[in-house]
Amino acid sequence: MNLLTLLLISGLILLIAYFTYGRFLERQMKVDPNRKTPANEMYDGVDYVPAKKPVLLGHHFATIAGGGPIVGPITAAFFGWLPAVLWILIGSIFIGGVHDYTSLQASVRHKAKSIGEIIREYIGKRGQVLFLIFSIATLILIVGVFIILVANTFVAVPEAATASVLFIGVALVFGFIINQIRLSLPIASILGVVAMLISVWVGISFPLELSAVTWSFILLIYAYIASILPVWVLLQPRDYLNAFLLYGMIAGATLGIIIAAPTIQLPAYTGFNHETLGFLFPILFITIACGAISGFHSLVSSGTTAKQLDNEKNGKFIAYGSMLLEAFLAIIAIGAVAYLTQADFAARMAELGGPIGTFSAGIGYFMSHWGIDLTVATTFTALTASAFLLTTLDSATRLMRYAIQELGEEHIPAVKNNHVATLAGLIGAGALALSGTWERVWPLFGSANQMLGALALLAVSVWLIKIGAKAYYVVIPMFFMFVVTVSALGVLMYNNFLLKNWLLFGSGLVLFILCIFLGIEGWRSIGKRTKTS
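Counting of residues starts from 1 at the beginning of each chain's written sequence and follows it residue by residue. Reporting of local features is limited, given that this is a predicted model, to residues whose pLDDT is at least 70; pairs of side-chain atoms are given and counted only at 80 or more, and all residues count toward the totals for whole chains, interfaces and linings. No hydrogens and no water enter the side-chain calculation; it runs on all heavy atoms of the structure.

Student: Would you mind showing me how to read the overall build of the protein here?
Tutor: Where helices and strands are cited, they refer to DSSP runs of H or I of at least four residues and of E of at least two residues respectively, numbered from the N terminus. Counting secondary structure elements, the protein contains 21 helices and 2 strands. In terms of C-alpha radius of gyration, the protein reaches 21 Å, essentially the compact-globule figure of 24 Å for 533 residues. Expressed as lengths along the three principal axes of its C-alpha atoms, the size of the protein is roughly 65 × 60 × 45 Å. The buried label applies to any residue whose accessible area, calculated with a 1.4 Å probe on protein chains only, is under 20% of its type's maximum; exposed applies above 50%, and partly exposed to all values in between. Put simply, the protein has 533 residues, and 62% of those count as buried. Radius of gyration: over C-alpha atoms. The globule rule applied is 2.2 Å multiplied by the number of residues raised to the 0.38 power.

Okay, structure coming up:
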């Protein structure tokens, strides 16, 4: 099978889903473009800041994409490309997209409150506490694993490290000229893209070579600073510019695939059991993670995006559209290795230090077919991947700060301070990043992340049921994700028990207990008297 055929079929399916199932979701959520959003009603210039549609798309998409749609699908490709592609398409359309869009609209209808606050209102205080503990644990895992991935990428491709550092400076300047000087967005965008290309050229000329440990400490400091700055200073401008990197990479990779016309050599299906990953069910569904559904997306939707949404009508484009675009990126990630044989795929993963380096090499190879230098193409792709990793890193740190402050606001006054709350979360994430490799942490991260998605769907389901609205399109995905993630946590606990990895076993056990109790709380709340809206 030709790789281009796979991309065209996948892209067409996702496009049709956006205009059909996306419209269905919009009607079910009773979107009102005339209803005032929290970004306008509660504007404060720091967190509640209405953003233009393309700017918010850039922020939301760059934040949710991260490294998940690259790392997960490439890792899952060991089962064969067909199971991965099928789950990405079905999951993103009917589960992940539903999760992201309904989480955003639920938050917007509740003054941009977090999913935890919504759980408190409809399930109870105990449910909120359990959800926040689960969220903080998941975010610590996310920050820790992404620090490892970024540090490894910078070591493997030092040119991307230099470009990434310069790009942060470009984003700061871009944010200033847009928000303070008020330069028009099109002109500023052109200047920003040119500056990004210059950053790539400088990175190739002056690679920044540091150890993974040194990069880990630098990234912790960066995450701390970025997460406490007002969103317009770095978060919005960097994410908006990041989107251009991704658009350019997708376009460049697609053009390269058209010219190269590679044939898929990776097996479509290798078997139900992989000697390293385990059984296809449930491991495939937690390994791919962000490419199909990610609980982290609900934290983004209700944590930062809901505070910047200018009009409810833009929600489908921002949330559902971003999830489908992320699914397409996941398909491209599979394509970056699908042209290899199984033996070459395994060898490249070992040689280049994992999925990010393998992805960069594959996309760089495709782009080189339309005349760009292979080193430049690989560096550009690595910069794009690391830029999204950094985006998730600092956004996750900000969301972790929100969750810690929400959990401790009544009993621990000190965490109301942004610096204290941020440092509290980064201590755990830093210890995790410095203690292991991504291969050990990723399965637990995937399980926690997907369970977080099931819990967000639970919160939305309870809200819709209690106000008397139809909820089956949320309830069915919720039950499926509960079955998958509970099964996965059980498998991981068993494996880590046999390996005597007590840290990961204990972490899995805590997550397992939390999700069971939350499920019980949700079920009890549904049986109580219906709440009127």
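Student: What should I look at first to understand the environment of G192 in this one?
Tutor: With respect to the helices and strands, the residue G192 is situated in helix α9 (residues 185-205). The sequence separation of G192 and R238 amounts to 46 residues, and the corresponding C-alpha distance is 9.8 Å. Here, residues are in contact when the closest pair of their heavy atoms is within 4.5 Å. Ignoring sequence-local partners within four residues, the contact set of G192 consists of V170 and L241.

Student: Please explain the nonpolar core as it appears in this structure.
Tutor: The tendency in soluble globular proteins is for nonpolar side chains to be buried side by side. Nonpolar cores are built from buried Ala, Val, Leu, Ile, Met, Phe, Trp, Tyr and Cys residues. Side-chain atoms within 4.5 Å join them into one set. Residues W87, Y320, F345, F359, I363 and Y473 are the most contacted members of the largest nonpolar core, which totals 184 residues. For this core, the element with the most residues is helix α7 (residues 125-156), which contributes 17 residues. When neighbours within four sequence positions are excluded, Y320 is seen to be in contact with A17, Y18, Y21, G22, L25, I93, G97, V98, Y101 and G315.

Student: Help me understand α9 in this model?
Tutor: Each α-helix turn comprises 3.6 residues. Residues three or four places apart therefore point the same way. When the terminal C-alpha atoms of α9 are compared, their 30 Å separation across 21 residues agrees well with the 30 Å that a helix rising 1.5 Å per residue should span. Taken residue by residue, α9 has L185, A188, S189, G192, M196, S199, V200, V202 and G203 as its buried positions. One face of α9 carries all of its buried residues, which in axial projection span an arc of 165°. Facing away from the buried side of α9, by more than 90 degrees, are the exposed residues P186, I190, L197 and W201. Looking at the buried residues of α9, the elements they touch are α3 (53-65), α8 (158-179), α11 (235-260) and α17 (374-408). To estimate how far a helix should reach, multiply one less than its number of residues by 1.5 Å. The arc under discussion is defined with respect to the helix axis, by the directions toward the C-beta atoms.

Student: It is not clear to me how the confidence of the model for the protein should be interpreted in this structure. Could you clarify?
Tutor: Confidence scores per residue from the predictor, reported as pLDDT, run from 0 to 100. Taken residue by residue, the protein gives an average pLDDT of 86. The fraction at 70 or more is 97%. Ranking the helices and strands of the protein by mean pLDDT puts helix α5 (residues 81-108) first, with 96, and helix α21 (residues 502-527) last, with 79.

Student: Would you explain unusual backbone geometry in this entry?
Tutor: Across the chain, the bulk of peptide bonds are trans and the bulk of non-glycine residues have phi less than zero. At the junction of F281 and P282, the peptide bond is cis and its omega measures out at 10° in the coordinates. Even without being glycine, K111 reaches a positive phi, approximately 60°. Of note, K111 is situated in the loop between α5 and α6 (115-122). For K111, a relative accessible area of 44% puts it in the partly exposed group. Look at A261: it is not a glycine, yet its phi comes out positive at around 50°. With respect to the element layout, A261 can be found in the loop between α11 and β1 (273-274). Judged by relative accessible area, which is 38%, A261 ranks as partly exposed.

Student: Explanation requested: the pattern of salt bridges in the structure shown.
Tutor: Two side chains with opposite charge may pair up if their charged atoms get near one another. Here a salt bridge means any side-chain nitrogen of Lys or Arg lying within 4 Å of a carboxyl oxygen belonging to Asp or Glu. Taken as a whole, this structure holds 5 salt bridges when the rule is applied. A salt bridge links R23 to E26; the shortest N-O distance between them is 3.0 Å. With R23 and E26 both in helix α1 (residues 3-28) and 3 residues apart, this pair spans about one turn of that helix. Given a relative accessible area of 5%, E26 falls into the buried group. Residue E41 pairs with K111 through a salt bridge whose shortest N-O separation is 3.6 Å. Taken together, the residues span a long stretch of sequence, with E41 in helix α2 (residues 38-41) and K111 in the loop between α5 and α6 at a distance of 70 residues.

Student: How should the side chain of T102 be read in this particular structure?
Tutor: By secondary structure assignment, the location of T102 is in helix α5. Residue T102 is classed as buried on the basis of its relative accessible area, which comes to 0%. Within the structure, the side chain of T102 is placed 2.6 Å from the backbone oxygen of V98, a separation counted as a polar contact. Beyond its immediate stretch of four places on either side in the chain, T102 contacts M29, V460, Y473 and V474. N or O atoms within 3.5 Å of each other form a polar contact, as long as, within protein, one can give a hydrogen and the other can take it, and as long as residues adjacent in sequence are counted only when both atoms are side-chain atoms.

Student: Mind showing me how you'd approach the packing of aromatic side chains here?
Tutor: To describe a pair of aromatic rings, one takes the distance between the centres and the angle between the planes. Geometry of aromatic contacts follows a simple scheme: Phe, Tyr and Trp rings, the Trp one being its six-membered ring, pair when their centres are within 6.5 Å, and the pair is stacked under 30 degrees between planes, edge-to-face over 60, tilted otherwise. Applying the stated criterion across every chain, the model contains 19 aromatic pairs. Ring geometry for Y240 versus F244: centroids 5.2 Å apart, planes at 90°, classification edge-to-face. Note that Y240 and F244 are positioned in helix α11 at a spacing of 4 residues, about one turn of the helix. Assessed through its relative accessible area of 7%, Y240 is described here as buried. Where F281 meets F285, the ring centres are 5.7 Å apart and the plane angle is 70°; that geometry is what we call edge-to-face. Of this pair, F281 and F285 both sit in helix α12 (residues 280-287), 4 residues apart, which is roughly one turn of that helix. The exposure class of F281 is partly exposed, given its relative accessible area of 34%. Given the relative accessible area of 13%, F285 is considered buried. One Lys or Arg, K53, reaches over the ring of F317 and ends 4.6 Å from the middle of that ring. Remark: a charge is flagged as sitting over a ring if the NZ atom of Lys or the CZ atom of Arg is within 6 Å of the ring centre and within 35 degrees of the ring normal.

Student: Could you clarify how one ought to interpret the side chain of T304 in this entry?
Tutor: Relative to the helices and strands, T304 resides in the loop between α13 (295-303) and α14 (315-338). Taking the relative accessible area as the measure of exposure, T304 reaches 4% and is therefore buried. Residues in contact with T304, not counting those within four places in the same chain, are H59, L235, L299, R398, L399 and Y402.

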